[in-house]
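# Chains, contacts and geometry: an overview
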Amino acid sequence: MPLLAAFVVAAVVLGVLGAGLSVPSVIAVGRLTAVGDDTFMSLPSTFTVQQLQQGSQILAADGSVIATPQDQDRRVVPLSRVAPVMREAQVAIEDSRFYTHGAIDLTGLTRAVIDDVRTGTASEGASTLTQQFVKLTLQDQALREGRNAAADAAVAKTLPRKLTELRYAAGLERTWSKDQILEGYLNLAYYGDGAYGVEAAALHYFGVHASELTLPEAATLAGLVQSPSTTDPVRHPEEALARRDVVLGRMHELGLVTTAAWRAALRRPLTADLHVTYAPATCASSRYPYFCSFVIGWLEQQPELGPTRQARHDLLFRGGLTVHTTLDPSVEKDANDALRAVAPTNNALGVAAAAYVTQPGTGNVLAIGQDTAYGTSASSGQTEVDYSVDTAYGGSRGFQFGSTAKAFSLVTAMEQGLGTNASVDAPAAGPHQAATFSRSQFPQPCGLYSSWKVYNDEAWGGGTMPLMTATAKSTNTAFVALAIRIGVCAIHQTMTAFGMHDASGAPIGTYPPQVVLGAQQVSPQTLANAYAAIAAGGVLCRTRPVTSITQGGTVLFAPPPSCARVADAGAVSQATQYLMYNMTHGSGILNQLAGRPSAGKTGTADGNAQSWFVGYTPQLATAVWVGNPVDQTRRMFDVSMAGKSCTAMTGACFAAPIWRRIMDAALAGQPALPMP
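Quantities reported herein were computed from a predicted structural model and do not represent experimental measurements.

## Some words on the overall build of the chain
For the chain, the helix and strand inventory stands at 25 helices and 22 strands. Counting across all 676 residues of the chain, residues that qualify as buried make up 55%. Summarising the internal contacts of the chain: among those between residues at least 6 apart in sequence, 70% fall at separations of at least 24. If you sum the accessible surface of the chain, you get close to 27,000 Å²; carbon and sulfur atoms cover 54% of it.

Written out as structure tokens, the structure reads:
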């Protein structure tokens, strides 16, 4: 017997049509039946439910939540992780005969047929929980695919839509159990205020998991589904309370709760249960906004997560991933505290400061610090630009890295056999007196295009200088002379091997000022990774902010450390001795670490607009930048910040003290290991 005709016959048998319909209405029913049969039987009999869209979680190394990137705040859970009282409350208020009728509740539908014919629309009163699940699923899938008209049609109060819904509901109940349908419904339904599914709703409104819901909490949530925009307890507490009590009354009427429990739940104030929290869905709401921005940018570049950047983004924001990162919250706090102590937010100098902390031998990113507030209000000193990382990960165009480049000249010289007792013939120069180098001294392809005037921060009268002394004093003319001796192209090859590149991703240039004295823009990320390779004895590791990505218990991607030897261990060990000497006799002397050896180098750009300190122990490598992120050519002399005054914005003045604070705090309690 055709289904819609069966509905009408059932209504007649019950005496409803004879008692309440006029002749024209009966004629309308006949026409509707004829049209409805054809439409109904032409519909597919199987209903496919796609995987639900849900937000992901990005976790720190200690398991704490960094962010929950999401298009919808939803956490899919099995029915076993939903409190029984929640299941009972939802069934009681939406479809109390759910477990005893089939896909269609004939008793309820018979009553609804009269209203359908009278009004010419499909009433909602007869919808079973299965039908509601079908309707919500069709709407969700249409919206996900950008089919807005289909999404509207899926919930329109029309008879054709009702027929579609009934046909799919009948097919679904042939393949799904009642518990499976209820589980799907509870995970799909919208519970208001941005919370999709019962788990997200329980966490959002009450701060508990769905498995921990109490009777009044469950009744509150169950009551929201019918009209979530007008009964959510955040914006409409009175309406939410009234609706909760309706659900409680229905549960009592059905014998699901005792009279004592019902009365106690009615007496409980709604505010006694509410503990509204919002998941950090965006980086702006994260405790670690710059790391959040960086790791999302990194994830969107991993081919293991999809063929295109958009596909990877969609998987992260809709696929319910759990992303375990290498971020150490304690080191992150150490970094941000140190930055703000030395370079306060919105300081009078107009400079910013950033730090990147990594683990030699793994590439693990332990912290990304920045002294600015995350946001879009530039007038308030906010920025979303992450000064610590490359442009591809949300970073800036980078900053000239100055004399930190000299570490690569040292590695190259050691690989060529100069040793730790090497000396160079350094031309005379000072802060106001330049030494001039000619084109002929630098043959192409790593040559000059014109003469090059080089200054020293400290006056040097010219002559032979131990390379140790040149490193400690950061004597520019000595390192230019060294470059002439060992070859600019050879140094460039070393820099490239150690992963050095422009912040934009472009290669380091071959022009001698770029190679020898760091006249190119790089990020703290790049410098920290390169110095970490020196700390690891010449083993360079790729940036690794993530240890594993899972989806529903399945591991999608678990990148191991990706490391390779890029230099001779003996040569790197000798270069480390030079950088250790800098800590005890040079620009790092006032910022040696407490109770442990370290190695490092300062860097300053022309005009002192940018300053650096990059250093390491066997356990940690940290790059600190302090400078002007807007006017990179601004001259900065006679500067004061946070109670400290210096003749210039040098790496030793502000960047090195930040580096020491970070390293001392992060290494506290760890053994003092010998340098490689």
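Moving on from the model shown.
## Concerning the state of the cysteines
Across all of its chains, the model carries four disulfides by this definition. The disulfide that involves Cys541 links it to Cys563, with 2.0 Å between the sulfurs. On the sign convention where negative means left-handed, the S-S torsion of about 105° between Cys541 and Cys563 marks this disulfide as right-handed. Here the residue Cys541 occupies a position in strand E14 (residues 539-541), and Cys563 occupies one in strand E17 (residues 563-565), the gap between them amounting to 22 residues. Note on Cys541: relative accessible area 7%, which makes it buried. With a sulfur-sulfur separation of 1.6 Å, Cys646 is cross-linked through a disulfide to Cys653.

## Quick notes on the side chain of Thr494
Within the secondary structure, Thr494 is located in helix H21 (residues 488-497). According to the relative accessible area criterion, Thr494 is buried, its value standing at 6%. Ignoring anything within four residues of it in the chain, the contact list for Thr494 reads Phe408, Val411, Thr412 and Glu415.

## Quick notes on the sheet that holds strand E16 (residues 554-557)
Spatial ordering of the open sheet is given by E2-E1-E5-E15-E16, a layout of five strands whose pairing is mixed. Among the strands making up the open sheet, the edge pair consists of strand E2 (65-67) and E16. Direction aside, the axes of adjacent strands within the sheet are offset by 35° on average. Judged from the five bridges that link them, strand E5 (residues 321-325) and strand E15 (residues 546-551) form a sheet pairing that is antiparallel. Its bridge partner being in E15, Thr325 is matched across the sheet by Val546.

## Things to note about the packing of aromatic side chains
Counted under the stated rule, the structure contains 18 aromatic pairs. An angle of 65° between the planes, with centres 5.9 Å apart, marks the rings of Phe291 and Phe294 as edge-to-face. With Phe291 and Phe294 both in helix H15 (residues 289-299), this residue pair falls three residues apart, about one helical turn. Its relative accessible area of 0% is what places Phe291 among the buried residues. Among the aromatic residues, those joined into a ring-pair cluster are Phe408, Phe498, Tyr531 and Tyr616.

## Structural notes on the sheet that holds strand E6 (residues 352-358)
The antiparallel open sheet is built from five strands, whose spatial order is E7-E6-E20-E19-E18. Whereas interior strands pair on both sides, the edge strands pair on one side only; in this sheet they are strand E7 (365-370) and strand E18 (599-604). This sheet shows a mean twist of 10° between the axes of neighbouring strands, independent of strand direction. Across seven bridges, E6 lies against strand E20 (residues 621-627) in antiparallel orientation. When the sheet's bridge partners are listed, Ala355 is paired in E20 with Val624. Helix-sheet contacts for H15 involve E6 and E7, and the interaxial angle to E7 is about 125°. Packed onto the sheet, helix H23 (residues 524-535) meets E6, E18, strand E19 (610-616) and E20 and runs at close to 30° relative to E19.

About the criteria used
Residues numbered from 1 in each chain as written. Predicted model: local features only at pLDDT ≥ 70, side-chain atom pairs only at ≥ 80, totals over all residues. Heavy atoms only, no water. Helix = DSSP H or I, 4+ residues; strand = E, 2+ residues; numbered from the N terminus. Buried < 20%, exposed > 50% of the residue type's maximum accessible area, 1.4 Å probe, protein only. Contact = heavy atoms within 4.5 Å. Areas by Shrake-Rupley, 256 points an atom, 1.4 Å probe, with all protein chains shown as cover. Disulfide = S-S within 2.5 Å. Pairing = 2+ DSSP bridges. Axes fitted to C-alpha atoms, helices over the stretch in contact; angles between N-to-C directions. Phe/Tyr/Trp six-rings, centres within 6.5 Å; stacked < 30°, edge-to-face > 60°.

So far we have only geometry, and geometry alone does not tell us how the molecule works.
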